[in-house]
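Okay, here's what each chain looks like letter by letter:
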Amino acid sequence: MGTLNQLVIGASIGAVLLLAALGLTFTFGQMGVINMAHGEFIMAGAYTAYVLQPLAGDQAVIVALPVAFAVGGVLGLILERLIIRRFYGRPLDTLLLTFGISLILQQAARDIFGAPNVQVDAPGWLTGGVDLAGVRIAYNRLFILVLAIGCVVAISLYLSKLRQGRRMRAVMQNRQLAAVSGVATGRVDQATFFIGSGLAGVAGVALTLIGPVGPTLGTAYIVDAFLVVVAGGLGQLKGAVIAAFVLGVLNSFVEFWTANGASFAKVVVFAVIIAFLQFRPQGMFVLKSRALT
Amino acid sequence: MSPVRRTLITLLAAGLLAGGCANDPSEGGGSGGNTIKVGILHSLSGTMAISEVTVRDSELLAIDEVNAAGGVLGKKLEPVVEDGASDWPTFAEKAQKLINEDKVATTFGGWTSASRKAMLPVFERNKALLWYPVQYEGLESSPYIFYTGATTNQQIVPALDYLKQQGKKSVFLVGSDYVFPRTANKIIKAYAAANGMTISGEEYTPLGTTEYSTIVNKLGQAKPDVVFNTLNGDSNVAFFKQLRSAGFTAQTMPTVSVSVAEEEVTGIGPANVAGHLVAWNYYQTTEGTTNSTFVKAYKAKYGADKVTSDPMEAGYNAVKLWAAAAAKAGSVDVDAVKKAAGGISLDLPEGKVTIDGENQHVYKTARIGLIQPDGQIKEVWNSGAPIKPDPYLKGYAWAAGLS
């Protein structure tokens, strides 16, 4: 029973990882921008739910999903327009820059909302859970799982069915060729950044259900999110999904089987990723292209 | 270099940066003849800001009150506020700056044991004074530190006495992975062995962990009578939210926490934690006119929705106790204040507080509280009288093997 429970727990850890990493598959995976402020967009999404709470009551989490997408997206757009676009092709500079911006955003949140954590009430129908064959499934975990799956489906439809999505893939696969084919690559970059950052906002709303809401919320997830994207293969949605769930389940079982396992599970997960990248430095999946890169 | 490998290296570089950053809001220090400078050194940014900002606020309130009552030795106190930035070397650096450049008479500061351990050699080397306002793991008594928070025999040991009295036989230990929880749990295990209690599990998580479903699953399998929670900071929010959503209540999985006060309850959400126990020396609801005046003054200065908590009260006390010691000594000289401090007894929000001149801790009343649905904490038990501080637990036979 404990083992089966851990499988469910692993899946829900995976869903959280995936949700936090989804936005990065766009900005980092597709565009190659290492945006350390991504975690702060997650944080902004969480605070969006908090701000909406007086208006929407205990349904704030639901109302906040689209609003947080817009908030995260606009923040990302501002960052891209003002700063990041001036640093394309300079990953180290971008890294330092966005790291500084993440500190600024954290302190801004501290000044606006105060240093202590705030509380976002979960909707009544998301508290509690159901026991299925001795396995406890919490409704809020189920909600995060459904939300993650929903986001993945929406993204893959966008990338395959919509013209904008196809342009995004074209720019990612070969920027020059896309440009000479008449794709406004600057416009596409903006859209990519908007969506990637917006997804961070959505993740932030979901995370209010299980964790703390405070200025440093994003820092708890940013490294794991990058790991998922790197292990899955840059820009590979399928890879990110598989990597998130494999890491989640691995983490939950190692922690369960070892005494005082929380620290040990982290060690094992990191070791597995390092070993894996030794054999497949490009991640699980890789884009096949004839470009000379 | 492949792009992925480069990425990993840059990520690693970012991690190193995150660990080493600090900001430097230096304040110019003109030394007026009519003021006495005192240092306030807490984390105002970074992960610990969440807790330490409010302690700074209550210390500033105490300084205001001391000044309103005429100051110390006829001079007004002038606070010099520095940011430890949740980074232990920064604490040591800023302490040095307060002592050497600002020439403060004393410093109030610190929260984590790691920050205290970093500052300790600085204060000892410079023969300067530090007032440390948070409950901690004991086993320390620096001649240049005054400890106004509880040591273990004023918080953890009374909590264990209470649990034993309630008939709890098996205890599951959950804590953050650093010096305070590990030392506290060593003490708890020694106590349990001597008092016929069993330890049904012991789990540590890195500071900042937000994933507790596995530990909750382990709790469900071990079925302890009570969980002794020494988690610190944000982790408490995740732990209690996930404990509740796994279907446990305060009845089916009671916990007692030593680092969850009114402030943390607000962040966790009272609904998620109501009915659970905490152990402290002060609650906002503690009776007495001194406390109601303190609560009223704090709300008037910082906002009606603010709460007061044990570490905030201990920080407030530190300022008041130092001012009383300096007045008694007739000087702010460190040695004179140290000599005068022993035996000073004030009526403070938690009740009567007396400085033990020998180990420079204070006598404190232990209180067990029950978290209410409105986020306040109701006292359900107290030790009756202030307990003499015993940081090395010399008065307890079962603690003989601890060091």
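Worth saying up front: this structure is predicted, and the values here are computed from it rather than measured.

**Here we look at the domain arrangement of chain B**
Bring the parts together and some accessible area is lost; that lost area is often taken as the interface size.
Residues and elements named next belong to chain B.
At step 1: Under the domain assignment, chain B is made up of domain 1 (17-151 + 291-363) and domain 2 (153-285 + 366-399).
At step 2: For domain 1 and domain 2, the distance between their C-alpha centroids amounts to 27 Å.
At step 3: Summed over both sides, the interface of domain 1 with domain 2 buries roughly 2800 Å², with 56% coming from carbon and sulfur.
At step 4: Put simply, domain 1 and domain 2 have one salt bridge between them.
At step 5: Lys-388 serves as the salt-bridge partner of Asp-356, at 2.8 Å between the closest nitrogen and oxygen.
At step 6: Counting across the domain 1 and domain 2 interface gives 17 residue pairs in polar contact (both at pLDDT 80 or more).
At step 7: Mapped onto the side of domain 1 that touches domain 2, the elements with two or more residues apiece are helix H2 (49-68), helix H11 (289-302), helix H12 (310-329) and strand E13 (362-363).
At step 8: With four residues, H11 is the largest single contributor of residues to the side of domain 1 that touches domain 2.
At step 9: Counted by class, the side of domain 1 that touches domain 2 contains 12 nonpolar, 13 polar and nine charged residues.

**As for unusual backbone geometry**
Residues and elements named next belong to chain B.
At step 1: One non-glycine residue, Lys-103, lies in the positive phi region at around 50°.
At step 2: Mapped onto the secondary structure, Lys-103 falls in the loop between helix H3 (88-100) and strand E3 (107-109).
At step 3: Backbone geometry places Lys-223, a non-glycine residue, at a positive phi of 45°.
At step 4: Residue position: Lys-223 is located in the loop between helix H7 (213-222) and strand E8 (226-230).
At step 5: Since its relative accessible area comes to 61%, Lys-223 is described here as exposed.

**Section: the sheet that holds strand E4 (residues 130-132) of chain B**
All names here are of chain B.
At step 1: Strand order in the open sheet made by the five strands is E2-E1-E3-E4-E5, with parallel pairing throughout. Both outer strands of the open sheet, strand E2 (76-83) and strand E5 (145-147), are each paired with one neighbouring strand and no more. This sheet shows a mean twist of 25° between the axes of neighbouring strands, independent of strand direction.
At step 2: Against the sheet, helix H4 (residues 113-125) touches strand E1 (35-42), E3, E4 and E5, its axis set at about 165° to E4.

**A short note on the pattern of salt bridges**
At step 1: Applying the stated criterion across every chain yields a total of 21 salt bridges over all chains.
At step 2: One salt-bridge network, in which partners are shared between bridges, spans Glu-82, Lys-94, Lys-97 and Asp-102 of chain B.

Cut-offs applied
- Residues numbered from 1 in each chain as written.
- Chains lettered and ligands numbered in written order.
- Predicted model: local features only at pLDDT ≥ 70, side-chain atom pairs only at ≥ 80, totals over all residues.
- Heavy atoms only, no water.
- Domains from an automatic or database assignment.
- Buried area = accessible area lost by both parts, 1.4 Å probe.
- Salt bridge = Lys/Arg side-chain N within 4 Å of Asp/Glu carboxyl O.
- Polar contact = N/O pair within 3.5 Å; in protein donor to acceptor, adjacent residues only side chain to side chain.
- Helix = DSSP H or I, 4+ residues; strand = E, 2+ residues; numbered from the N terminus.
- Nonpolar A, V, L, I, M, F, W, Y, C, P; charged D, E, K, R; others polar.
- Buried < 20%, exposed > 50% of the residue type's maximum accessible area, 1.4 Å probe, protein only.
- Pairing = 2+ DSSP bridges.
- Axes fitted to C-alpha atoms, helices over the stretch in contact; angles between N-to-C directions.
- Contact = heavy atoms within 4.5 Å.

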